[in-house]
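# Report on the structure
Residue strings, one per chain:
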Amino acid sequence: MTETKSIVVERLIPYSAEKIWRALTVPALVGEWFMQNDFAALEGHRFTFRATPVPGWSGVTNCVVLKVEAPRLLAYSWGDGTESDSGLKTVVTWSLTPEGMATRVRMEQSGFRPADERGYIGMGSGWPRILERLEQVTSKQT
C-alpha cells in the first residue's frame, strides 16, 4: 500500500456557514475565487474545473461530487488521472464549523502519492491564497 499525504488549510472566516456554502457551491461564485466550472451540489454529479494549461497539466480537472451535507460538508474527487503527467487523483473535502459569529473553514486535499510530489508542493502553497479569495468573494455577497 502506497503512503499518501494530505494538504490541510484552515481559515476562520467572519461569515455564516450558509453564506460561505453559497460561495462554495454556486458555479459563478466558485469561478470568482477559484476556477471556471460546471459544478452542482448533487452527489454523483460529474463536473470540471477549467483554467489555463501549464506544463504537466491540461488545464482541466475532472471531478465527481462525493458527499453533500449542506451547509457543513462538501467532498469531491479531484482528477481522474488523465489530466496531469503524474496521474493525480485526490479528494477535496470542505468542512464548515460555526464558531460564534464566524465559521471555521477546513479544506483537506487527500491522497497525494509520491509521484504527485510536484502537485502536492504547488497546491500546498496555493490553497491558503485560494481560501483568502473565498473569503473575499463571500464578503461581496448580499
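In this report, the structure presented in the accompanying data block is examined. (Residues numbered from 1 in each chain as written. Predicted model: local features only at pLDDT ≥ 70, side-chain atom pairs only at ≥ 80, totals over all residues. Heavy atoms only, no water.)

## Here we look at the packing of aromatic side chains
Scanning the model with the defined rule gives 14 aromatic pairs in all. Judged by centre distance (6.3 Å) and plane angle (65°), the ring pair of Trp78 and Trp127 falls under edge-to-face. You can see Trp78 sitting in strand S5 (residues 73-78) and its partner Trp127 sitting in helix H3 (residues 117-140), a full 49 residues away along the chain. Trp127 matches Trp78 in its accessibility class, with the two residues each being buried. Ring plane angle 75° and centroid distance 5.3 Å describe the contact between Phe112 and Tyr120, whose orientation is recorded as edge-to-face. You can call Phe112 buried: its relative accessible area is 1%. Under the relative-accessibility criterion, Tyr120 is labelled partly exposed at 22%. (Phe/Tyr/Trp six-rings, centres within 6.5 Å; stacked < 30°, edge-to-face > 60°. Helix = DSSP H or I, 4+ residues; strand = E, 2+ residues; numbered from the N terminus. Buried < 20%, exposed > 50% of the residue type's maximum accessible area, 1.4 Å probe, protein only.)

## Focus: H3
Its 24 residues give H3 an end-to-end C-alpha distance of 35 Å, which sits within 8% of 34 Å, the value for a rise of 1.5 Å per residue. Most pronounced at Trp127, the bend in H3 amounts to some 30°, and the proline Pro128 follows within four residues. Within H3, the full set of buried residues consists of Gly126, Trp127, Ile130, Leu131, Leu134, Glu135, Val137 and Thr138. Looking at the buried side of H3, the elements it contacts are strand S1 (5-13), helix H1 (17-25), helix H2 (27-33), strand S6 (90-99) and strand S7 (102-112). (Expected span 1.5 Å × (residues − 1). Bend = angle between axes of the 7 residues up to and from the residue. Contact = heavy atoms within 4.5 Å.)

## Observations regarding the layout of surface pockets
Approximately 670 Å³ is the volume attributed to the largest pocket. Lining the largest pocket are 27 residues, and of these Val54, Trp57, Leu88, Gly119 and Met123 lie nearest its centre. Sort the elements by how many residues they give to the lining of the largest pocket and H3 lands first, with 9 residues. (1 Å grid on protein atoms, 1.4 Å probe; cavity = no way out; pocket = protein on both sides within 12 Å on 5 of 7 lines; lining within 4 Å. Points joined across faces, edges and corners; volume = space filled by probe spheres on them.)

## Comments concerning the environment of Ala23
Following the sequence through the fold, Ala23 ends up in helix H1. Sequence spacing of Ala23 and Lys140 is 117 residues, and the spatial spacing of their C-alpha atoms is 9.9 Å. Once residues lying within four places of it in the same chain are set aside, the contact partners of Ala23 are Leu29, Val30, Trp33, Leu134, Thr138 and Gln141.

## Observations regarding unusual backbone geometry
For the bond running from Ala70 to Pro71, omega is -10°, close enough to zero to count as cis. Note on placement: Pro71 falls in the loop between strand S4 (60-69) and S5.

## A word on empty space enclosed by the protein
Any empty space left between the atoms is revealed when a probe the size of a water molecule rolls over them. Tallying each qualifying case throughout the model produces 1 cavity of 30 Å³ or more. By volume, the largest cavity amounts to about 60 Å³. Surrounding the largest cavity, Leu24, Val30, Trp33, Asn37, Phe39, Phe49, Leu74, Tyr76 and Trp94 form its lining. Taken together, the elements giving at least two residues each to the lining of the largest cavity come down to H2 and S5. Counted by class, the lining of the largest cavity contains 8 nonpolar, 1 polar and no charged residues. (Nonpolar A, V, L, I, M, F, W, Y, C, P; charged D, E, K, R; others polar.)

## Details of the environment of Thr93
As for its position among the elements, Thr93 is in strand S6. Among residues more than four places away in sequence, those in contact with Thr93 are Leu73, Leu74, Ala75, Arg106, Met107 and Glu108.

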